[in-house]
Amino acid sequence: MTLKVTGDEQGGWAVLCVSGELDLLTSPTLRQCVHEAVADGRHRLVLDLSDMMFCDSSGVGVLIATRRLMRSCDGSLRVVLPAHGAEDGSHVNRVLSALGVRRLFDVYQDLAAAVDDTATPLSA
């Protein structure tokens, strides 16, 4: 499976919807999309990972680098990461939790909540 990244804008937030597998071969694609959004002046970014099926350590590295980039430009990053999706929960959610890095992100259950400035993130 490959990685697909589509861009949108909702409620003043740049939204990147990521689907497929985020791994060593595909992670540069997401990194490039994030850098292009920031270069275009978008400093409020939502990564919608609800259709992402797999994430390895290089993918986690891109997510952490995205967080660092957004912080360096005084931006905001929100991540859509459903608690469930597969039989026993979202693979990406489980990976980030197991590595202890999920708490680094402002996580939302769905895109509507992520672009709502009054919504609060889910607890880690």
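What counts as what
- Residues numbered from 1 in each chain as written.
- Predicted model: local features only at pLDDT ≥ 70, side-chain atom pairs only at ≥ 80, totals over all residues.
- Heavy atoms only, no water.
- Pairing = 2+ DSSP bridges.
- Helix = DSSP H or I, 4+ residues; strand = E, 2+ residues; numbered from the N terminus.
- Right-handed = clockwise from strand over helix to strand, strands pointing away.
- Contact = heavy atoms within 4.5 Å.
- Expected span 1.5 Å × (residues − 1).
- Axes fitted to C-alpha atoms, helices over the stretch in contact; angles between N-to-C directions.
- Salt bridge = Lys/Arg side-chain N within 4 Å of Asp/Glu carboxyl O.
- Buried < 20%, exposed > 50% of the residue type's maximum accessible area, 1.4 Å probe, protein only.
- Parallel < 35°, antiparallel > 145°, perpendicular 65-115°, else oblique.
- Nonpolar A, V, L, I, M, F, W, Y, C, P; charged D, E, K, R; others polar.

Colleague: Can you help me understand the pairing of strand β3 (residues 44-55) in this one?
Modeller: For a regular strand, side-chain orientation follows a simple rule: the groups alternate between the two sheet faces. Across 8 bridges, the pairing between strand β2 (residues 13-22) and β3 is parallel. Bridge pairing in β3 places E21 opposite F54. Regarding topology, helix α1 (residues 27-39) serves as the crossover connection from β2 to the parallel β3, and that connection is right-handed. Relative to strand β4 (residues 76-80), β3 runs parallel, the two being bridged by 5 bridges.

Colleague: Honestly, the side chain of T66 in this entry has me stumped. Any pointers?
Modeller: Along the polypeptide, T66 turns up in helix α2 (residues 57-72). Ignoring sequence-local partners within four residues, the contact set of T66 consists of V34, L45, L47 and L77.

Colleague: I'm lost on α1 in this one. Help?
Modeller: Each turn of an α-helix holds 3.6 residues, which means side chains three or four residues apart point in the same direction. For α1, which comprises 13 residues, the first-to-last C-alpha distance of 18 Å matches the rise-based estimate of 18 Å (1.5 Å per residue) to within 8%. As for α1, its buried residues are in contact with β1 (3-10), β2, β3 and α2. Looking one or two residues past α1, G41 carries a phi angle of roughly 90°, positive in sign.

Colleague: Would you take a moment to explain the sheet that holds β3 for this structure?
Modeller: Within a sheet, adjacent strands bond to each other through the backbone by hydrogen bonds, running parallel or antiparallel. Taken together, 5 strands build an open sheet; the order of strands is β1-β2-β3-β4-β5 and the sheet is mixed. In this open sheet, the two strands that pair with only one neighbour each are β1 and β5 (106-108). Geometrically, the sheet is characterised by an average inter-axis angle of 25° between neighbouring strands, direction not taken into account. In this structure, β1 lies alongside β2, joined through 8 bridges in antiparallel fashion. If you follow K4 over to β2, its bridge partner there is S19. Relative to the sheet, α2 contacts β2, β3 and β4, its axis offset from that of β3 by approximately 175°.

Colleague: For this particular structure, what's the right way to read the pattern of salt bridges?
Modeller: For side chains of opposite charge, pairing can occur when their charged atoms come near one another. Summed over all chains, the structure comprises 3 salt bridges. For R42, the salt bridge goes to E9, with nearest N and O atoms at 3.2 Å. Here the residue R42 occupies a position in the loop between α1 and β3, and E9 occupies one in strand β1, the gap between them amounting to 33 residues. The exposure class of R42 is partly exposed, given its relative accessible area of 33%.

Colleague: I would appreciate a short explanation of unusual backbone geometry in the present structure.
Modeller: The phi torsion of most residues other than glycine is negative, and most of the peptide bonds are trans. At D74, a position not held by glycine, the phi torsion is positive, near 55°. Of note, D74 is situated in the loop between α2 and β4. Judged by relative accessible area, D74 falls into the exposed class, the value being 74%.

Colleague: Before we go on, may I ask you to explain the packing of α1 against α2 in this structure?
Modeller: Any two packed helices are characterised by the angle at which their axes cross and by the distance between the axes. Two numbers describe how α1 lies on α2: the axes approach to 9 Å, and their chain directions differ by 10°. Judged by the angle between their axes, α1 and α2 are roughly parallel. Residues S27, L30, R31, V34, H35 and V38 of α1 pack against S58, G59, V62, L63, T66, L69 and M70 of α2. Among the residues forming the contact of α1 with α2, the class breakdown is 7 nonpolar, 5 polar and 1 charged.

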